[in-house]
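Overview (structure and organization)
If you want the building blocks of each chain, they are given just below.
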Amino acid sequence: MTIDSDPIPVTLRWAVRLLWAEAAGVGLIAVWLIWADLTATRTDLLAALLVTGFAIGAAVVLWALGRALLRRQAGARAPAIVLQLMLLPIGWFMIQAGLGWLGVPLMALGLGVGWLLVCPPTTRALGFQ
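Notes on the structure follow. (Residues numbered from 1 in each chain as written. Predicted model: local features only at pLDDT ≥ 70, side-chain atom pairs only at ≥ 80, totals over all residues. Heavy atoms only, no water.)

Each helix and strand counted, the protein has six helices and zero strands in total. Secondary structure elements of the protein occur, N-terminal to C-terminal, as α-α-α-α-α-α. With respect to the principal axes defined by its C-alpha atoms, the protein has extents near 60 × 35 × 25 Å. A burial count over the protein gives 30% of its 129 residues as buried. Sequence-distant contacts, at least 24 apart, represent 65% of the contacts inside the protein between residues at least 6 apart. (Helix = DSSP H or I, 4+ residues; strand = E, 2+ residues; numbered from the N terminus. Buried < 20%, exposed > 50% of the residue type's maximum accessible area, 1.4 Å probe, protein only. Contact = heavy atoms within 4.5 Å.)

What follows is the structure, given as structure tokens:
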């Protein structure tokens, strides 16, 4: 039995969990998009495939960034932060469209995970100082 002398900080663990939760959420949206593409009576096939492909790619990238951060690969932090900041305009436009019940939590999620990724324990664990 070995004991890890340098455990992963709670902030980094929660950031990874939330990134994986986002990946699962976007993955569910991708599954719904695939179903919608297959059952649509009329569609612009190219646009449908591009949107579905984008959702699948986003889910894969979020999952991969979470894995890389769990392995303490510092280079994964910046792309993860950028993806979290992208939730701010998405949430804002949802609020403007009358979907504040979804936009506000998305903005809070983006800010929260972004904060977890830049807070001091995570910064130290990734080797930044």
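Moving on: the packing of helix H4 (residues 87-96) against helix H5 (residues 100-118). Relative orientation and spacing of two packed helices are given, respectively, by the angle between their axes and the distance between those axes. At their nearest, the axes of H4 and H5 sit 7 Å apart, and the two run at 165 degrees to each other. In terms of axis orientation, H4 runs roughly antiparallel to H5. Classified by chirality, the crossing of H5 by H4 is left-handed. From H4, Leu87, Leu88, Ile90, Gly91, Trp92, Met94 and Ile95 reach across to H5, where they touch Gly100, Leu102, Gly103, Val104, Leu106, Met107, Leu109, Gly110 and Leu111. (Axes fitted to C-alpha atoms, helices over the stretch in contact; angles between N-to-C directions. Parallel < 35°, antiparallel > 145°, perpendicular 65-115°, else oblique. Left-handed = near helix turned anticlockwise from the far one by under 90°.)

What follows concerns the nonpolar core. If you look at soluble globular proteins, the nonpolar side chains tend to sit buried side by side. Residues Leu12, Leu19, Leu69, Ala76, Ala80 and Leu117 are the most contacted members of the largest nonpolar core, which totals 17 residues. When residues of this core are traced back to their parent elements, those giving at least two are helix H1 (10-39), helix H2 (45-70), helix H3 (77-85) and H5. Looking at this core element by element, the count peaks at five residues for H1. For Leu117, the residues in contact, after removing those within four places along its chain, are Ala15, Leu69, Arg77, Ala80, Ile81, Thr122 and Thr123. (Core = buried A, V, L, I, M, F, W, Y, C linked by side-chain atoms within 4.5 Å.)

Before going further, it helps to examine the layout of surface pockets. There is about 700 Å³ of room inside the largest pocket. As for the largest pocket, its lining consists of 23 residues, of which Val26, Ile29, Ala58, Leu87 and Ile90 are closest to the centre. Looking at side-chain class alone, the lining of the largest pocket contains 19 nonpolar, three polar and one charged residues. (1 Å grid on protein atoms, 1.4 Å probe; cavity = no way out; pocket = protein on both sides within 12 Å on 5 of 7 lines; lining within 4 Å. Points joined across faces, edges and corners; volume = space filled by probe spheres on them. Nonpolar A, V, L, I, M, F, W, Y, C, P; charged D, E, K, R; others polar.)

Its identity is not glycine, yet Arg72 carries a phi of approximately 65 degrees, on the positive side. Mapped onto the elements, Arg72 comes out in the loop between H2 and H3.

So, about H2. Helix length check: H2 (26 residues) gives 38 Å between terminal C-alpha atoms against 38 Å at 1.5 Å per residue, within 8%. Listed in full, the buried residues belonging to H2 are Ala48, Thr52, Ala55, Ala59, Leu62, Leu65, Gly66, Ala68 and Leu69. For H2, the elements touching its buried residues are H1, H3 and H5. The first or second residue beyond H2 is Arg72, which carries a positive phi of 65 degrees. (Expected span 1.5 Å × (residues − 1).)

Along the chain, Gly112 falls in helix H5. On a C-alpha basis, the gap between Gly112 and Ile81 in space is 10 Å, while along the polypeptide they are 31 residues apart.

Looking now at the packing of H3 against H5. Between H3 and H5, the least distance of the axes is 8 Å, while the angle of their chain directions is 160 degrees. The angle between H3 and H5 falls in the class roughly antiparallel. The crossing of H3 and H5 is left-handed. Residues Arg77, Ala80, Ile81 and Gln84 of H3 form the contact with H5, whose own contacting residues are Leu109, Gly110, Val113, Gly114, Leu117 and Val118. Residue composition of the contact of H3 with H5, grouped by class: six nonpolar, three polar and one charged.

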